[in-house]
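Listed below, chain by chain, are the residues.
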Amino acid sequence: MVSCGGKGPQIPSQRKGETPKADSTQLALLELNQQLRESADATLLHLVQAQGEPYAQYEMGTWVHMYDVGRTEEEKIQEGEECTVYMRVSSLEGKLYSDTEQRFKAGKYEVPAAIDANIREWYHGAKMRLIAPWYAAYGIKGTAQVPPYENVIIELEIK
């Protein structure tokens, strides 16, 4: 018996100049996720416009209303810096999902991307409300407390 060098089954090589053939199921899922993302963005924009408070849109489609900018005499939070945050996570309708304090390293995505992607823009002591789309919050899997594809409001304090 002759083998291919013990590498096991291999994907056929692509010929130069050919584009890969897309799987129709993958394309359908990508299109569906794009539609869900656009729907979430429209929902959040509508919610933010209905608020009587100023919001700024940050990276990943997250809307932020600052109550307190924090200790601006210090440096902004740095990549890899250990932080403690208090998070109160609820649905857009106000259903409480979690009320926790968590320690994490900035830039390691140990907290929702809505926080981690933007944390280096903030200072210790900052207090804010984030309105985060599902794709920047808990994603397609959700958690034990937060359902999949759930847009959330996060009351956040960086300690």
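See above for the structure.
Residues numbered from 1 in each chain as written. Predicted model: local features only at pLDDT ≥ 70, side-chain atom pairs only at ≥ 80, totals over all residues. Heavy atoms only, no water.

**Q** Where do I start with the pairing of strand β6 (residues 152-158) in this structure?
**A** Across the 7 residues of β6, 5 count as buried, placing the element largely inside the fold. Pairing geometry for strand β5 (residues 127-132) and β6, over 6 bridges, is antiparallel. In the strand pairing of β6, K127 is matched with E157. (Buried < 20%, exposed > 50% of the residue type's maximum accessible area, 1.4 Å probe, protein only. Helix = DSSP H or I, 4+ residues; strand = E, 2+ residues; numbered from the N terminus. Pairing = 2+ DSSP bridges.)

**Q** How should I be thinking about the pattern of salt bridges in this particular structure?
**A** Two side chains of opposite charge can pair, provided their charged atoms sit close to one another. Enumeration according to the criterion identifies 8 salt bridges in this entry. Residue R103 is joined to E82 by a salt bridge in which the shortest nitrogen-to-oxygen separation is 3.1 Å. Placement of R103 in strand β4 (residues 96-105) and of E82 in strand β3 (residues 82-91) is noted, with a sequence separation of 21 residues between them. R103 gets classed as exposed once you look at its relative accessible area, which sits at 52%. Accessibility expressed as a relative area gives 41% for E82, which makes it partly exposed. Residue R88 pairs with D99 through a salt bridge whose shortest N-O separation is 3.2 Å. Remark: D99 occurs in strand β4 and R88 occurs in strand β3; sequence separation between them is 11 residues. Taken together, the shared-partner salt bridges in this structure form one network comprising E53, R129 and E155. (Salt bridge = Lys/Arg side-chain N within 4 Å of Asp/Glu carboxyl O.)

**Q** Sorry if this is basic, but what is going on with the environment of G94 here?
**A** Counting through the fold element by element, G94 comes out in the loop between β3 and β4. Under the relative-accessibility criterion, G94 is labelled exposed at 52%. As a C-alpha pair, G94 and V152 span 58 residues in sequence and 9.0 Å in three-dimensional space.

**Q** Where do I start with the nonpolar core in this structure?
**A** Note on soluble globular proteins: their nonpolar side chains tend to be buried together. Ranked by internal contacts, the top residues of the largest apolar core, which has 29 residues, are I115, W122, L130, L156 and I158. Mapped onto this core, the elements with two or more residues apiece are β3, β4, α2 (113-116), β5 and β6. Setting aside its immediate chain neighbours within four residues, L130 contacts T62, W63, V64, A114, I115, W122, V152, I153, I154 and L156. Within the second largest apolar cluster, 7 residues are counted, among which are L47, V48, I131 and I153. (Core = buried A, V, L, I, M, F, W, Y, C linked by side-chain atoms within 4.5 Å. Contact = heavy atoms within 4.5 Å.)

**Q** In this structure, what is going on with the side chain of H65? I would like to understand it.
**A** Inspection of the secondary structure assignment puts H65 in strand β2 (residues 63-68). Residue H65 is classed as buried on the basis of its relative accessible area of 8%. At 2.7 Å, the side chain of H65 and the backbone oxygen of P54 are in polar contact. Leaving out residues up to four positions away in the same chain, H65 has contacts with E53, P54, Y55, K127, M128 and R129. (Polar contact = N/O pair within 3.5 Å; in protein donor to acceptor, adjacent residues only side chain to side chain.)

**Q** Teacher, can you tell me more about the packing of aromatic side chains here?
**A** The geometry of an aromatic ring pair is captured by the separation of the ring centres together with the interplanar angle, meaning the angle of the planes. Tallied over the entire structure, the rule returns 3 aromatic pairs. One aromatic cluster in this structure is built from W134, Y135 and Y149. Sitting above the plane of the Y135 ring, R37 keeps its charged end 4.0 Å from the centroid. (Phe/Tyr/Trp six-rings, centres within 6.5 Å; stacked < 30°, edge-to-face > 60°. Lys NZ or Arg CZ within 6 Å of the ring centre and 35° of its normal.)

**Q** What's the story with a nonpolar patch on the surface in this structure? I'm lost.
**A** Together, L29, L32, L36, I140 and Y149 make up an exposed nonpolar region whose accessible area comes to about 430 Å². With respect to the helices and strands, L29 occurs in helix α1 (residues 24-50). (Patch = residues over 30% accessible without salt bridge, like charges linked within 9 Å, V, L, I, M, F, W, Y side chains within 5 Å. Areas by Shrake-Rupley, 256 points an atom, 1.4 Å probe, with all protein chains shown as cover.)

**Q** What is the right way to look at unusual backbone geometry in this model?
**A** Keep in mind that most residues, glycine aside, have a negative phi and that most peptide bonds are trans. We note that Y109 has phi near 50 degrees; this positive angle belongs to a residue other than glycine. Along the chain, Y109 falls in the loop between β4 and α2. Classification of Y109 by relative accessible area gives partly exposed; the value is 48%. For Y149, which is not glycine, the phi torsion reads 55 degrees and is therefore positive. Position of Y149 among the secondary structure elements: in the loop between β5 and β6. Judged by its relative accessible area of 34%, Y149 is partly exposed.

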